Amino acid sequence: MQLTPVIALHMGAALAALAVGPIALWARKGAVQRARLHRVAGYTWVVLMVVTAVSAMFIRDFSLPNIAGYTPIHLLVPVTLFSLCGAFWFLARKNIAGHRKTMQQLYLGACVGAGVFTLLPGRYLGQLLWGQWLAAYLPT
């Protein structure tokens, strides 16, 4: 597998979401409420997550256990899209606690959890990290 435009888009959106997510979560915590920052970072994070989820549908891997090139990590696509809709559903009903919990779980599961899974040695980024980048810097 090589770095295609779709993989680059997916990876860029995922890394940006990984960075923006904590800002959105932090902006509503503590004594000082930063509503505008929370809203801007939150909507940015949502757009990045939608781009990440949709672009994942165009990335297929036939080397891992799969069905038509879709591996178990692709199950995060409908989970992510459904969770984003659910978070806005909670907001529309003024259920802030439900919105917060959904977004926190989505960040941990879809950003952090998927990111860890992506770095496994058999995955594309895992091969880059463990097989090429680190190997270039480790003494032989």
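This report concerns the structure included in the present document. Computed from a predicted structure; not experimentally measured.

Looking at the element boundaries, His 99 is found in helix 4 (residues 96–118). Taking relative accessible area as the criterion, His 99 reaches 11% and is therefore assigned buried.

Turning next to the state of the cysteines. Disulfide: a covalent bond formed between the sulfur atoms of two cysteine residues. Counting across every chain of the model gives zero disulfides. Here Cys 85 is not disulfide-linked; the sulfur of Cys 111 is the nearest cysteine sulfur, at 16 Å. Residue Cys 85 is classed as exposed on the basis of its relative accessible area of 56%. Relative accessible area serves as the criterion here: at 9%, Cys 111 is assigned to the buried category.

We now examine the nonpolar core. By size, the foremost hydrophobic cluster in this structure holds 16 residues, and its most contacted members are Ala 17, Trp 45, Met 49, Leu 84, Met 103 and Cys 111. In this structure, Met 103 is in contact with Trp 45, Val 46, Leu 84 and Ala 87, ignoring residues within four places of it in sequence. Ranked by size, the runner-up nonpolar core spans five residues in total, among them Ile 7, Ile 59, Tyr 124 and Leu 128.

Position of Phe 82 relative to the elements: it lies in helix 3 (residues 76–92). Placed 73 residues apart in sequence, Phe 82 and Leu 9 show a C-alpha to C-alpha distance of 21 Å.

Parameters and conventions
Throughout this description, residue numbers start from 1 for each chain and increase along the sequence as written. In keeping with the predicted nature of the model, local features appear solely for residues at pLDDT of at least 70, side-chain atom pairs appear and are counted solely at 80 or more, and the whole-chain, interface and lining totals rest on all residues. Excluded from the side-chain calculation are hydrogens and water; included are all heavy atoms of the structure. The helix and strand labels rest on DSSP assignments: H or I over at least four residues marks a helix, E over at least two residues marks a strand, and numbering proceeds from the N terminus. Here's how the labels work: a residue is buried when its accessible area is under 20% of the maximum for its type, exposed when over 50%, partly exposed in between, all with a 1.4 Å probe on protein chains only. Here, a disulfide means two cysteine sulfur atoms that sit within 2.5 Å of each other. Residues enter a nonpolar core if they are buried and are Ala, Val, Leu, Ile, Met, Phe, Trp, Tyr or Cys, with the set joined through side-chain atoms within 4.5 Å. Should any heavy atoms of two residues lie within 4.5 Å, those residues are considered in contact.

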